[in-house]
Structures are given as C-alpha cells and as structure tokens.
Amino acid sequence: MTVDTLARFRIPVFSAWRSRSSPLSRDDDENHPPNCWKSIRLIIAAIACGWIGWSGEVLLLPVAMIFPLLWARAPSRTIATLLAAGYFLAASRGLPHGVATFYAANLWPGLALWVVASASFVTVHAMFWTKPRGENASGRKGTDAARALRYLVVMVLMAVPPFGITGWAHPLTAAGVLFPGWGWWGLGATAILLVVMTGRRWQIAVAVLGGLYVWSATNWTPPKRTPGWMAVDLKQGASLGRDGSLQYHRDLIARVRKAAEAGKDVRVAALPESALGFWTPTVERVWQEGFRGSDLTIVAGAAVIDAKGYDNVMVAISADAAKILYRERMPVPGSMWQPWLQWTGQGGGARANFFGNPMVEADGFKVAPLICYEQLILWPVLQSLLYSPELIIAVGNGWWTENTSIVAIQKASSVAWASLFGLPIVMVFNT
C-alpha cells in the first residue's frame with residue numbers, strides 16, 4: 001500500500017518541480033537570454049523586410065513575403081506585435097514626412113498618424129498569432145495547420161474593409177513579380193507560399209520563393225503600354241488644381257494638345273488626379289471647346305462638390321461630350337475621407353464609394369481605374385480585376401510625397417498587378 005501510494009504521487013510532485021525549474025517552461029523560455037537575442041534578430045529582420053520590400057522597386061516586392069515566416073516564429077505574442085509594428089512602420093516610413101508637407105506642419109502630426117495607421121495591421125497580426133511548438137513537440141502538425149489557417153484569415157482581413165482600409169504593405173502584392181501573366185492562379189500560388197511560410201515546411205517555401213525570384217528578375221519585362229493612350233505627367237506641385245482661372249485651363253489644354261500632336265496616333269490623353277480642380281459646367285465647356293475639331297479624349301482627375309462633401313473623380317472629355325467616368329472608392333483616410341464628419345452631421349470630406357464602379361469604359365476599352373491611395377491597398381484593384389478589364393489606369397497627385405518613396409511604391413504596386421494579369425497600364429502623376 002505504501003509503495004502504491006508513493007508511486008501515485010511521485011509523478012505529480014516531479015512534474016510540479018520540473019514546471020518550476022525547467023528552461024522549457026513558458027516564463028523562462030520567454031526570458032531566457034538566447035531567446036531574447038532571437039527576438040531582437042526577428043524584429044530587425046521584420047524591419048528590413050518592410051524597408052527593402054517597400055522601397056519602391058517592383059522587383060524587391062517579394063522580400064516582403066519573408067514577413068509571415070518571421071511572424072510565425074515569434075516566441076511570444078508581444079514579440080509578434082513588435083514584429084508587425086516594425087514591418088509596417090518601416091514599409092510606411094514616408095508617411096510622417098509626407099503628412100508634415102501636406103499640412104505644412106512639423107513632424108509630430110505625421111508621426112501620430114503613422115502610429116495610428118499601423119493599428120489595424122498590428123492588431124490583426126497580434127490577435128491571430130499562436131505560439132510555435134518545439135521541434136519535437138507533440139501535436140506539431142495540428143499547430144501548423146492552425147497557424148496556417150490563422151494567417152490565411154489575416155491575409156483576408158488585411159485585404160478587405162474595415163481592416164483593409166489601412167491594409168498597406170500586403171505581401172500578396174508580390175504575386176505579379178513571381179507569377180507574371182498567371183492571373184488568379186498566380187495570386188492563389190502566392191497565397192499558398194505565404195501560408196507555407198508559417199509552418200514547419202518553411203524551408204521549402206523559401207527555396208521556391210528564391211527560385212521564382214531569380215527566374216522572374218532574370219526575365220522581367222515591364223507591362224506594355226496601350227497603343228493610342230498617352231500619359232501627361234505634370235510637375236506643378238501643390239498648385240495643381242487650385243488655380244481655377246480660365247488662363248490655367250487654357251494653358252493646360254495647350255500643353256495636352258502639344259503633347260498629343262508630338263505623339264503617335266494618340267486617341268486618349270490621361271492627366272493626374274485633381275488636374276482640373278473643381279468640376280463645374282464652366283470647366284466642362286472650356287475643355288470641350290478647347291478640343292473642338294479634335295478626336296482626342298481626355299481622362300483627368302477632378303473634384304465634384306456638393307453640400308455634404310465631395311467626390312474625387314476621373315472625368316472623360318471630348319469635343320462632343322463630357323462625363324464623370326469614375327468616383328474614387330477609397331480616398332486617403334484622415335486627410336480626405338473623414339467619416340466622423342458625416343456621423344456628427346457636419347458634412348464635408350471626400351466620400352468613399354467602397355465597392356462602387358470597379359470597372360469603366362473609355363475608348364472602347366474596359367478599364368480598371370485606380371486613384372492615388374487605391375494603389376496601396378488590395379480590394380479596389382482585386383475588385384476591378386474580377387471584371388476582366390483590358391487595361392489599368394493609375395493616377396495620382398503626389399506633390400506632398402517629395403523626398404519619400406510613396407509615389408514609387410504606388411507605381412511599383414500598380415505595375416505588379418498589371419504584370420500578374422498581363423495587362424497594359426497607364427500611369428500618370430503630378431509631383
């Protein structure tokens with residue numbers, strides 16, 4: 001009886017002793033010096049992924065795909081949170097300076113917005129993180145499957161509203177570099193690679209990523225331009241669209257006509273976001289008269305204002321007709337889209353049309369339109385691509401991004417999506 005009694009209690013006592021002193025226990029594991037250095041290395045690597053992957057060079061976008069691997073290997077939720085913050089803040093590093101330029105203020109408002117903008121990305125990644133198991137831990141396969149499913153949910157949440165409203169730096173953007181011309185199959189293959197990165201077979205995913213990257217970089221061909229379409233880039237800085245004088249519009253019309261005449265068989269000339277300022281009946285008549293006797297169509301950015309706010313739009317103008325071609329689905333949160341003004345009954349700010357008008361027609365083409373901020377997030381371009389467009393037009397007004405990589409990132413993202421679906425692209429910006 002005595003032996004049985006001792007045997008009955010020996011294991012629980014030993015287990016309790018081991019749980020207090022073993023280096024494999026949770027508390028000691030998270031505070032053990034080697035684990036601390038591992039965490040520091042992971043955070044530095046995450047910052048490097050964000051910095052390099054989102055430098056504005058399209059061929060460097062696949063570097064961002066290493067981030068899910070780092071996130072999955074974080075030893076604690078705190079470290080996973082720091083990894084997500086480091087990656088996102090590095091990827092969006094141009095925001096503080098850009099905001100300071102936009103508001104003609106010091107860096108503090110920009111720094112505050114920078115941190116606030118990272119909240120959704122960091123929160124989602126922290127919420128769905130799960131602790132990695134040791135190499136020999138039981139139930140590892142189940143843990144891998146759970147983590148893979150969690151990261152799949154993270155990808156979806158960061159691609160669509162509400163979290164996707166600030167879903168910048170999404171690793172799926174790299175699909176166009178790795179799988180040019182593959183379309184939805186390429187997007188799916190990239191998603192699978194990202195999910196595999198979070199599991200125990202991550203070495204295979206890294207090897208495949210490396211091979212695909214070398215092949216793509218060696219054979220990279222930029223998307224084609226659409227014959228008959230011309231981009232008229234401008235360098236008017238902050239003054240673009242703010243001068244509503246008749247002379248401003250006449251000078252811009254003359255510039256467009258001269259550029260079109262210098263081109264070859266130009267049918268459509270594209271101008272940047274906000275190029276026409278406020279869209280009014282007077283502006284409409286001036287531009288139609290300016291192209292009387294010409295077959296040229298102008299696609300340009302403007303703003304349509306009413307008592308409740310305004311729409312950031314693209315308009316199409318020819319000698320015979322003029323119309324609003326597209327209303328922006330997602331204006332820049334904070335500076336343009338200010339939903340609290342509507343909630344409090346004040347009115348004002350740009351309207352977000354979210355899932356409206358994803359595809360338009362111009363010059364007989366089905367066009368996927370993207371204005372400025374829409375080039376940095378996923379759902380506007382993916383929604384447009386569901387309608388099988390024949391070209392992408394990406395316009396922007398990046399005067400406030402001087403000395404940052406923001407415009408370069410917009411262009412790289414747009415080129416990547418055009419490459420993924422084998423579409424020609426027209427990009428036009430004011431700087």
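Residues numbered from 1 in each chain as written. Predicted model: local features only at pLDDT ≥ 70, side-chain atom pairs only at ≥ 80, totals over all residues. Heavy atoms only, no water.

## Regarding the layout of surface pockets
Logical step 1: By volume, the largest pocket amounts to about 1000 Å³.
Logical step 2: Around the largest pocket, the lining comprises 48 residues; the ones closest to its centre are Phe102, Val332, Ser335, Met336 and Trp400.
Logical step 3: Contributions of two or more residues to the lining of the largest pocket are made by helix H5 (77–91), helix H6 (95–102), helix H7 (107–117), strand S3 (297–306), strand S4 (309–317) and helix H17 (406–420).
Logical step 4: For the lining of the largest pocket, a count of residues per class yields 30 nonpolar, 15 polar and three charged. (1 Å grid on protein atoms, 1.4 Å probe; cavity = no way out; pocket = protein on both sides within 12 Å on 5 of 7 lines; lining within 4 Å. Points joined across faces, edges and corners; volume = space filled by probe spheres on them. Helix = DSSP H or I, 4+ residues; strand = E, 2+ residues; numbered from the N terminus. Nonpolar A, V, L, I, M, F, W, Y, C, P; charged D, E, K, R; others polar.)

## Things to note about the pairing of S3
Logical step 1: Burial analysis of S3 places seven of its 10 residues in the buried class, which makes it a mostly covered element.
Logical step 2: With nine bridges connecting them, S3 and S4 associate as antiparallel partners. Residue pairing across strands places Ala302 opposite Val313, the latter belonging to S4.
Logical step 3: A loop of two residues connects S3 with S4, the two strands running antiparallel in sequence. (Buried < 20%, exposed > 50% of the residue type's maximum accessible area, 1.4 Å probe, protein only. Pairing = 2+ DSSP bridges.)

## Some points on the environment of Ala260
Logical step 1: Along the chain, Ala260 turns up in helix H13 (residues 246–262).
Logical step 2: It is 9.5 Å that separates the C-alpha atoms of Ala260 and Ala231, two residues lying 29 residues apart in sequence.
Logical step 3: With sequence-adjacent residues up to four places away left out, Ala260 is seen in contact with Met230, Val266 and Leu296. (Contact = heavy atoms within 4.5 Å.)

## Here's the deal with the pairing of S4
Logical step 1: Here S4 lies mainly inside the structure; eight of its nine residues are buried.
Logical step 2: As paired strands, S4 and strand S5 (residues 322–327) are joined by five bridges and run antiparallel to one another. Along S5, the bridge assignment pairs Ile317 with Ala322.
Logical step 3: In this antiparallel pair of consecutive strands, S4 and S5, the connection spans four residues.

## Quick word on H13
Logical step 1: Here H13 is 17 residues long and its end C-alpha atoms lie 25 Å apart, about the 24 Å a rise of 1.5 Å per residue gives.
Logical step 2: Regarding H13, the residues found buried are Tyr248, His249, Leu252, Ile253, Val256 and Ala260. All buried residues of H13 project into a common sector of 130° when viewed along the axis, lining one side. Seen from the buried face of H13, the exposed residues on the opposite side, beyond 90 degrees, are Lys258, Glu261 and Ala262.
Logical step 3: The inward-facing, buried residues of H13 contact strand S1 (229–231), strand S2 (268–270), helix H14 (281–290) and S3. (Expected span 1.5 Å × (residues − 1). Arc of directions from axis to C-beta.)

## Regarding H7
Logical step 1: Buried within H7 we find Gly110, Trp114 and Ala117. Each buried residue of H7 sits inside an arc of 70° when the element is viewed along its axis, so together they form one side. Away from its buried face, by an angle of more than 90 degrees, H7 presents the exposed residues Trp108 and Val116.
Logical step 2: The secondary structure elements touched by the buried residues of H7 are H5, H6 and helix H8 (119–128).

## A short note on the nonpolar core
The nonpolar side chains of soluble globular proteins are, as a tendency, buried together.
Logical step 1: Counting residues in hydrophobic clusters, the biggest one holds 83 residues, and the most contacted among them are Trp54, Val58, Phe67, Tyr87, Trp168, Met330 and Trp417.
Logical step 2: Sort the elements by how many residues they give to this core and H5 lands first, with eight residues.
Logical step 3: Those residues within four positions of Trp168 in sequence are excluded, and the remaining contacts are Phe88, Ser92, Leu95, Ala117, Phe121, Tyr373, Leu376 and Ile377. (Core = buried A, V, L, I, M, F, W, Y, C linked by side-chain atoms within 4.5 Å.)

## Some points on the environment of Ser413
Logical step 1: Along the chain, the position of Ser413 falls in helix H17.
Logical step 2: The exposure class assigned to Ser413 is buried, which follows from its relative accessible area of 3%.
Logical step 3: Taking the C-alpha atoms as reference, Ser413 lies 6.5 Å from Thr173; in sequence the two are 240 residues apart.
Logical step 4: Not counting residues up to four positions away in its chain, the partners in contact with Ser413 are Trp54, Thr173 and Gln375.

## Considering a nonpolar patch on the surface
Logical step 1: Together, Trp37, Ile40 and Ile44 make up a nonpolar patch on the protein surface, roughly 330 Å² of accessible area in all.
Logical step 2: Tracing the sequence through the fold places Trp37 in helix H3 (residues 33–53).
Logical step 3: The exposure class assigned to Trp37 is exposed, which follows from its relative accessible area of 56%. (Patch = residues over 30% accessible without salt bridge, like charges linked within 9 Å, V, L, I, M, F, W, Y side chains within 5 Å. Areas by Shrake-Rupley, 256 points an atom, 1.4 Å probe, with all protein chains shown as cover. Salt bridge = Lys/Arg side-chain N within 4 Å of Asp/Glu carboxyl O.)

## Remarks on the side chain of Ser216
Logical step 1: As for its position among the elements, Ser216 is in helix H12 (residues 202–219).
Logical step 2: If near-sequence neighbours (up to four positions away) are discounted, Ser216 is found in contact with Val177 and Leu178.

## Description of the packing of aromatic side chains
Logical step 1: Evaluated as defined, the whole model comprises 16 aromatic pairs.
Logical step 2: Measuring from ring centre to ring centre gives 5.4 Å for Trp71 and Tyr151, while their planes differ by 50°; the resulting arrangement is tilted. Of this pair, Trp71 sits in helix H4 (residues 67–72) while Tyr151 sits in helix H9 (residues 140–157), placing them 80 residues apart in sequence.
Logical step 3: Since its relative accessible area comes to 0%, Trp71 is described here as buried.
Logical step 4: Its relative accessible area of 1% is what places Tyr151 among the buried residues. (Phe/Tyr/Trp six-rings, centres within 6.5 Å; stacked < 30°, edge-to-face > 60°.)

## As for the packing of H5 against H8
Logical step 1: As a packed pair, H5 and H8 sit with axes 9 Å apart at the nearest point and diverge in direction by 150°. Taken together, H5 and H8 sit at an angle that is classed as roughly antiparallel. In this structure, H5 meets H8 at a crossing whose hand is right-handed. Counted together, Arg77, Thr81, Ala84, Ala85, Tyr87 and Phe88 of H5 and Phe121, Val122, His125, Ala126 and Met127 of H8 form the full contact between these two elements.
Logical step 2: Residues of the contact of H5 with H8, tallied by class, amount to eight nonpolar, two polar and one charged. (Axes fitted to C-alpha atoms, helices over the stretch in contact; angles between N-to-C directions. Parallel < 35°, antiparallel > 145°, perpendicular 65-115°, else oblique. Left-handed = near helix turned anticlockwise from the far one by under 90°.)

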